[in-house]
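Here is how the chains run, residue by residue.
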Amino acid sequence: MPKTEAIFGGILALIVLGVALFAVMDTSFTGGRDPGSAPAPTTTSSRNLTPTLTASSGQDLICECYDAAFALSGKVDVLSPEYRTGFQQCRARGGVDAGDAWTAGWNARLSGRPYEASCRAYKRRG
């Protein structure tokens, strides 16, 4: 005659196994989402967010890099192609100063410091 503890232990093991199987099946086929829910948002967008720089050099280019990065930050990730392209454009056309302005513009929005959210404030610090 089986012991009572063995019976309840077996039932508990079956319940745990059932819950584990349910969790594995649910996440492997739907990615952890409800099958009827909308698809997960992606980081890529159909619109072109890559900044277009029109200034050729000098302070206009520095402000344009700062403003473009400020406008782009919060919309894409720092590892996105739009960020990388904008930074590379600024760095190639304006050197280190324009690249620094791009980074400062990006960081100004992400840091939540509205008093630093202009090129004029950025140039005053430098």
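What counts, and where the lines are drawn
- Residues numbered from 1 in each chain as written.
- Predicted model: local features only at pLDDT ≥ 70, side-chain atom pairs only at ≥ 80, totals over all residues.
- Heavy atoms only, no water.
- Helix = DSSP H or I, 4+ residues; strand = E, 2+ residues; numbered from the N terminus.
- Expected span 1.5 Å × (residues − 1).
- Bend = angle between axes of the 7 residues up to and from the residue.
- Buried < 20%, exposed > 50% of the residue type's maximum accessible area, 1.4 Å probe, protein only.
- Contact = heavy atoms within 4.5 Å.
- Disulfide = S-S within 2.5 Å.
- Core = buried A, V, L, I, M, F, W, Y, C linked by side-chain atoms within 4.5 Å.
- pLDDT = per-residue confidence, 0-100.

Student: Is there a simple way to explain helix α3 (residues 81–111) in this structure?
Tutor: In a regular helix each residue adds 1.5 Å, so 31 residues correspond to 45 Å; α3 covers only 21 Å between its end C-alpha atoms and thus falls short of that length. Remark: the principal bend of α3, roughly 145°, maps to Gly94. Those residues of α3 lying buried are Glu82, Tyr83, Gly86, Cys90, Ala98, Gly99, Ala101, Trp102, Ala104, Gly105, Trp106 and Ala108. Elements that come into contact with the buried residues of α3 comprise α2 (58–72) and α4 (119–125).

Student: Got a minute to help me understand α2 in this structure?
Tutor: Along an α-helix, a turn takes 3.6 residues, which lines up residues three or four apart on a common side. The end-to-end C-alpha distance of α2 is 22 Å, a good match for the 21 Å that 15 residues give at a rise of 1.5 Å each. When we look at burial in α2, the residues that qualify are Leu61, Ile62, Cys63, Glu64, Cys65, Tyr66, Ala68, Ala69, Phe70 and Leu72. Gly74 sits one or two residues past α2 and shows a positive phi near 90°.

Student: Looking at this model, I keep getting lost on the state of the cysteines. Mind explaining?
Tutor: Between two cysteines, a covalent bond joining their sulfur atoms is known as a disulfide. In total, this model carries 2 disulfides according to the counting rule given. A sulfur-sulfur distance of 2.0 Å marks the disulfide that ties Cys63 to Cys119. Judged by the torsion about the S-S bond (-80°), the Cys63/Cys119 disulfide is left-handed. Placement of Cys63 in helix α2 and of Cys119 in helix α4 is noted, with a sequence separation of 56 residues between them. The disulfide bridge from Cys65 ends at Cys90, spanning 2.1 Å between sulfur atoms.

Student: I'm lost on the environment of Ala98 in this one. Help?
Tutor: Structurally, Ala98 can be placed in helix α3. With a relative accessible area of 0%, Ala98 lands in the buried category. Distance in space between the C-alpha atoms of Ala98 and Gln59 is 8.8 Å, their sequence separation being 39 residues.

Student: Help me understand the nonpolar core, please; the structure alone is not making it clear to me.
Tutor: A general trend in soluble globular proteins is that nonpolar side chains are found buried together. One finds Cys65, Tyr66, Ala101, Trp102, Trp106 and Tyr122 to be the most contacted residues of the largest nonpolar core, which totals 20 residues. Among the secondary structure elements, those contributing two or more residues to this core are α2, α3 and α4. Per-element tally for this core: the top contributor is α2, with 9 residues. Residue contacts for Ala101: discarding those within four places in its chain leaves Ile62, Cys65, Tyr66 and Tyr122.

Student: How do you make sense of the confidence of the model for the protein chain when you look at a structure like this?
Tutor: Interpretation of the predicted coordinates at a detailed level should be avoided for regions scoring low in pLDDT. Averaged over every residue, the pLDDT of the protein chain is 76; the share at 70 or more is 69%. Mean pLDDT across the secondary structure elements of the protein chain bottoms out at α4, with 80, and peaks at α3, with 89. Across residues 35–46, confidence stays below pLDDT 50; counting only partners more than four residues off in sequence or on other chains, it has 4 contacts.

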